[in-house]
Structures are given as C-alpha cells and as structure tokens.
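Topology and contacts: notes
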Amino acid sequence: MLMFYFFAAVAVLASLLVIAQTNPIYSVLLLIASFGALSGLYVLLDAPFVAVIQIIVYAGAIMVLFLFVVMLLNAPREDTDEDVARPPAAARSGSMRLGGLLAVALGIELVWALTKGGGESGAFPGAAVSSVAEIGRALFTDFAFPFEVTSLLIIVAMVGAVLLARREREARER
Amino acid sequence: VTPLLVAQIVLTLFVFVMLLNSAAIMVYVERKVAALLQQRLGPYLVGPKGLLQPLADVVKLMFKEELRPAAADAFLFALAPIISATCAFAAFAVVPFGAETTLFGLIPEGLRLQVADVNVAILVVFAIASMSVYGIVLAGWSSNSKYSLLGGLRSSAQMISYELSYGLALASVLVVANSLSLTDIVNRQAGAWWHVLPRWFIFVQPLGFLIYMTAGIAETNRAPFDFPEAEQELVAGYHTEYSSMSFAMFFLAEYINMVTVSAVATDLFLGGWHGPFLPESLGWIWFLIKVAAILFFYVWMRWTLPRYRYDQLMRFGWKVLLPVAVVNLIVTAAGVLYFGA
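Below: a short report on this structure. (Residues numbered from 1 in each chain as written. Chains lettered and ligands numbered in written order. Predicted model: local features only at pLDDT ≥ 70, side-chain atom pairs only at ≥ 80, totals over all residues. Heavy atoms only, no water.)

**Comments concerning the overall build of chain B**
Under the convention used in this document: For helices the rule is a DSSP run of H or I covering at least 4 residues; for strands it is a run of E covering at least 2, with both sets numbered from the N terminus onward. Relative accessibility thresholds used throughout: buried, under 20% of the residue-type maximum; exposed, over 50%; partly exposed, between the two (1.4 Å probe, protein chains only). The contact criterion used is simple: two residues touch if any of their non-hydrogen atoms lie within 4.5 Å. All accessible-area figures derive from a Shrake-Rupley calculation using a 1.4 Å probe, and residue coverage is judged against the displayed protein chains alone. When charges are tallied, Lys and Arg are placed among the positive residues and Asp and Glu among the negative ones, while His and the ends of the chain are skipped. To locate a charge, the coordinates of NZ of Lys, CZ of Arg, CG of Asp or CD of Glu are taken.
Along the backbone of chain B there are 11 helices and four strands. Judged by the C-alpha coordinates and their principal axes, chain B covers about 60 × 50 × 45 Å. Within chain B, buried positions represent 53% of all 341 residues. Nonlocal contacts in chain B, meaning residues at least 24 apart in sequence, comprise 75% of its contacts between residues at least 6 apart. Of the accessible surface of chain B, which amounts to about 16,000 Å², a share of 71% is contributed by carbon and sulfur atoms. One finds the centroid of the 19 positive side-chain charges in chain B at a distance of 8 Å from the centroid of its 20 negative side-chain charges.

Laid out in structure tokens, this is it:
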C-alpha cells in the first residue's frame, strides 16, 4: 500500500508539474516520469507485461518523438511575445471565470465517480492481465475488431500527417 | 534476515562491482587488442604489461576539473550522464548468468545467479535500452553546443532506427522459446542434438543472431556504427562538453552496455551457461567465456571496419535490416506453427 501511495503521488505530482513548466523539455521529461510511475502501479497490480509495454511504447518510443519535435522546433520557452503582450488580468477575467467553473465541475465529477464506485477491486481475472499469451489471444479474437479499427485510425493519422507536411512543402516550392 | 536474503544482497553488490570492473578490463583489452591489430605495443608502462593502466585512467579522470559551458542547462547537463549510467547498470539486473547454486552448501535453498527474476525479462532489457536514449539526447541538447546537439540527435535517430530490428530479433527468439523469461530461454537450450550439436538458438535462428548483433552494435554506438562520436565531423558527439567524472559516466555506460548486449546475446543465442565438459554448477565459466568471445569480436570489428556514412547507416537500417528482421520473424512464427513448438 505504501508503494501504491508513492507511485500515485509521483504520477499525480509529475502530471501537475507538466503543465506548470515554461520549458517544454522539462514538460516532456516530467511526463516520462509520470509514465514511469504509472508503470510502477501496473507492477503493483500484478501486470508486469503491461508495465513494461507502458515503458517501451509510451516512455521509450512516443516520448522520444515528442522530445525530438520539441528540440528541433527549438522552442525553449512558452511565453512568446504574444503572451507577454497579452491584455491585463482584468480583461481576461471572463475566460478565467469559465476555466475556474470547468475545474470545479471536473472536481465534483471526479469525487462523484470515485465515491460511487466505492473503490471496489477490479473484477478482471488475474491471469488475463498477467499472462502474455492470454493478452495476445484476447487481442486477436474477442477484441480483434477494435484492435484493427485502432490500427486503421493510426494509419489514417499517419497518412494525414505526411500529406499535410508534403502540401506545405509543395506550396513553398511553387 | 535469512541466509538467502544476505546472499541475494551480496549477489547484487557483486554484480554491480563486476560491471564496474568489466568496464575497466574492457578499456585495457580494447587498447591491447587495438595495439595487437595495428602492430604496436599498447599500454606497457603502468604496472606489469600495462595492467594498471585502467587504474591510472580512473585516477586521472577523478582529478580532472568538472567543466560546464556557461550557457548549458545546469540541471539536465548533470542529469544526462546519470541517466546513461543508471540505464546501463539496470539492464543487467534481469540477465541470468549461471545455474541455481547453493554456494557450496552455504545457504539452504538454491540461489539464482540473477539479480531480479522477472518473467518478462527480455522485454525489460528492451525497455531499459529504449530509455537509455534519453541520456544521450539530453546530453546533446543541454550542452548548448552544435557538435553535442548534432551528435545527440544522430545517435538517438540511430538508436531508434535500430531498436526496431533489435526488438524483432528478440521477438523471433521468444517465439522459438515460447517464453519471455531469460532463465526459461536459457534452459530450453540445454542438451545437444544427436549428442554433438548443442541446442543453442543460434543454430535455429542464425539470421536472428546476425540481426541481433548488428542492431546491438548500432544500439551501443560502436564502430562501424559509432556516428555519435565521429571525431572528424563532430569532435566527440554528445559528450563533447563533458569532462572528468561526468564524462567517465558516459564512458562507463558505453562499456557496460556492450557487456549487457553480449550477455543477452549469450543467453538468447549461445545457450547461456550451458556447455560441455563442465558441471552445471560451474556453468558461469562457460557464460564468461562466451561473453568474452563476443566482446573480443566487438573490439576486433572496431579496428577492422571503417565507419559507415550516416546515410548508408540509415538506409541499411530501414531498407535492409528491418525487412529482413520482419521476414525472419514471420518465417519463424510460421515454422513454429507448422512444426509445433
């Protein structure tokens, strides 16, 4: 239980600090720390396979690409000239009020969802998440359709990204 | 406090110290073998046959001044070598290097010669390898120097490209072995076919072994794939701005990564601690011999082959190695399905 609170605290703190950073590189690193803590939680749930996959896919692969983009765009700080020259706080009170309202609503929702669930332990069978063979079988039989749809979605996103990048370059060459 | 717990802690410390030593030994071996291949003498002044040269190197590194560029990001600059060294040490934790032992009857139960017995060990090795990219990227970025940045970007691009083939080579072995645990994989390789040919997976997966070693050399940034430190182009790549002990940590990480890649190759393809003539309890001697052979091969490669060009490396990684690895995996999977595991 102590380990749970440790990992949970790290995950929540790191996620909060991600949005509190002005330097995007630090945001990326804190997000990696948060993923690491999540993976620790998976280990505590007796699902080492999911934990390692979390590290390989999110912390290892996706975040490296994030870091690349941040570095190559060379955006050291987020407060650009527009941000510095933005209207004083009084003029922004409208949007701040809306933001505050949304935050309170989210908080209420979270409390409601957590208390309603009563913190019961999950009903999934232990073997289903700890055995690689079981995960593979479930993924390619019961969940074959969602699996394929997800991969299709990712391919569409990739093709779209390539297309957008190409169009920009062609426009510049013209 | 049980004897087993004490033994486990001693084992962990032992592995840590031996990894540190292996880096020192590798520095000496590398210089001696390089000298041999180039018909020189190599280090011979410090100690008998220059054996104390690594010690002299370490002392020199410790007494050097720790420099940091004024415009560098102080925190990340200090963090980067720590990430590199930590990942290098951590990866070895799941590598088994000998059969279960009672240490000549000192402890009641058998002790596995492995720091952490994880049932997804092979994936843990892969995950830690993918995390070690960060040490290099951050070192390159935080130094605020063009050579460091280019070196860091190059090496991370290289590591990401070769990681795919590396992972697929691992996958083809685990399909054959039908397990993700390195201990299980090693134990599947015990015995011999027709009493002659050892049941090593290198004979089942010759292509997989080649892919693994090629990708492994690229992963550890060694010649002929040592672009991060192509001195003619990038001074010293990502660690250009580092000095003293923080440089030593990168150096250490590089050598320990080599040892880990060799040890994993031994476990996956060369039968781990299984071998003829020696009883099971002395299997770790076989393990050491095999790892040493691969490490010698590493050094031999470095002083034999010239460095590739960067675009050649990328083309080779994506257009040759990756398709071959995919085909190898598919053929292996089909074979396992057809002939049964």
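Still more ground to cover, so stick around.
**Let's talk about the overall build of chain A**
When its secondary structure is counted, chain A shows eight helices and zero strands. N-terminal to C-terminal, the α/β element order of chain A is α-α-α-α-α-α-α-α. The buried share among the 174 residues of chain A stands at 21%. Within chain A, residue pairs in contact and separated by at least 24 positions form 55% of the contacts whose partners lie at least 6 positions apart.

**Comments concerning the packing of helix H1 (residues 3-37) of chain B against helix H10 (residues 283-302) of chain B**
All names here are of chain B. Going by this rule: Whenever a helix is involved, its axis is fitted only over the stretch in contact; in every case the axis is a line through C-alpha atoms, and angles between N-to-C directions fall within 0 to 180 degrees. Any angle between 65 and 115 degrees counts as roughly perpendicular, while under 35 counts as roughly parallel, over 145 as roughly antiparallel, and the rest as oblique. Helix crossings are classified by the rotation of the near helix relative to the far one: an anticlockwise turn of less than a right angle makes the crossing left-handed, while a clockwise turn makes it right-handed. Each residue gets one of three labels, nonpolar for Ala, Val, Leu, Ile, Met, Phe, Trp, Tyr, Cys and Pro, charged for Asp, Glu, Lys and Arg, and polar for the others, Gly among them.
Interhelical geometry of H1 versus H10 gives an angle of 50 degrees and a closest axis separation of 10 Å. The pairing of H1 with H10 is recorded here as oblique in orientation. The two elements H1 and H10 meet at a crossing, and its hand is right-handed. Here H1 contributes Met 26, Glu 30, Val 33 and Leu 37 to the contact with H10, which in turn contributes Leu 295, Phe 296, Val 299, Trp 300 and Arg 302. Class assignment for the residues of the contact of H1 with H10 results in seven nonpolar, no polar and two charged.

**Observations regarding the layout of surface pockets**
All names here are of chain B. What counts, and what does not: Buriedness for pockets is judged along seven lines, at least five of which must meet protein on both sides within 12 Å for an open set on the 1 Å grid over protein atoms alone, while cavities are sets there where a 1.4 Å probe fits but cannot get out, and lining residues have an atom within 4 Å of a point. Grid points are joined across faces, edges and corners, and a volume is the space filled by probe spheres set on the points.
Roughly 950 Å³ of volume is contained in the second largest pocket. For the second largest pocket, the lining is made up of 33 residues, of which Phe 14, Met 18, Phe 97, Trp 284 and Leu 288 are closest to its centre. Put simply, the parts of the chain that give the lining of the second largest pocket at least two residues each are H1, strand S2 (111-113), helix H9 (244-269) and H10. When residues in the lining of the second largest pocket are grouped by element, the largest group, 14 residues, is from H1. Here the residues of the lining of the second largest pocket are counted per class, giving 28 nonpolar, five polar and no charged.

**Quick look at the environment of Leu 72 of chain A**
Residues and elements named next belong to chain A. Relative to the assigned elements, Leu 72 resides in helix H3 (residues 48-73). Residue Leu 72 is classed as exposed on the basis of its relative accessible area, which comes to 56%. Sequence separation between Leu 72 and Leu 164 is 92 residues; the distance between their C-alpha atoms is 18 Å.

**With respect to the nonpolar core**
Basically, it comes down to this: The criterion is simple. A nonpolar core is a set of buried Ala, Val, Leu, Ile, Met, Phe, Trp, Tyr and Cys residues joined through side-chain atoms within 4.5 Å.
Of all hydrophobic cores here, the largest spans 112 residues; its most connected members are Ile 25 of chain A together with Tyr 212 and Leu 268 of chain B. When residues in this core are grouped by element, the largest group, 16 residues, is from helix H4 (residues 121-142) of chain B. The contact partners of Leu 268 of chain B, leaving out residues within four places of it in the chain, are Ile 122, Leu 170, Val 173, Leu 182, Ile 185, Gln 189, Phe 201 and Tyr 212 of chain B.

**Details of the interface of chain A and chain B**
Interface size is commonly expressed as the accessible area that is lost once the parts come together. The following threshold applies: Once two parts are brought into contact, the accessible area they lose, counted with a 1.4 Å probe and summed over both, makes up the buried area. The working definition used for a salt bridge is a side-chain nitrogen of Lys or Arg within 4 Å of a carboxyl oxygen of Asp or Glu.
Taken residue by residue, the interface counts 19 residues in chain A and 20 residues in chain B. Around 1,800 Å² of area is buried between chain A and chain B when both sides are counted, 84% of it from carbon and sulfur atoms. Counting the surface chain A buries against chain B, the share from its top three residues, Tyr 26, Phe 68 and Met 71 of chain A, is 28%. Taken together, the connections running from chain A to chain B amount to zero salt bridges.

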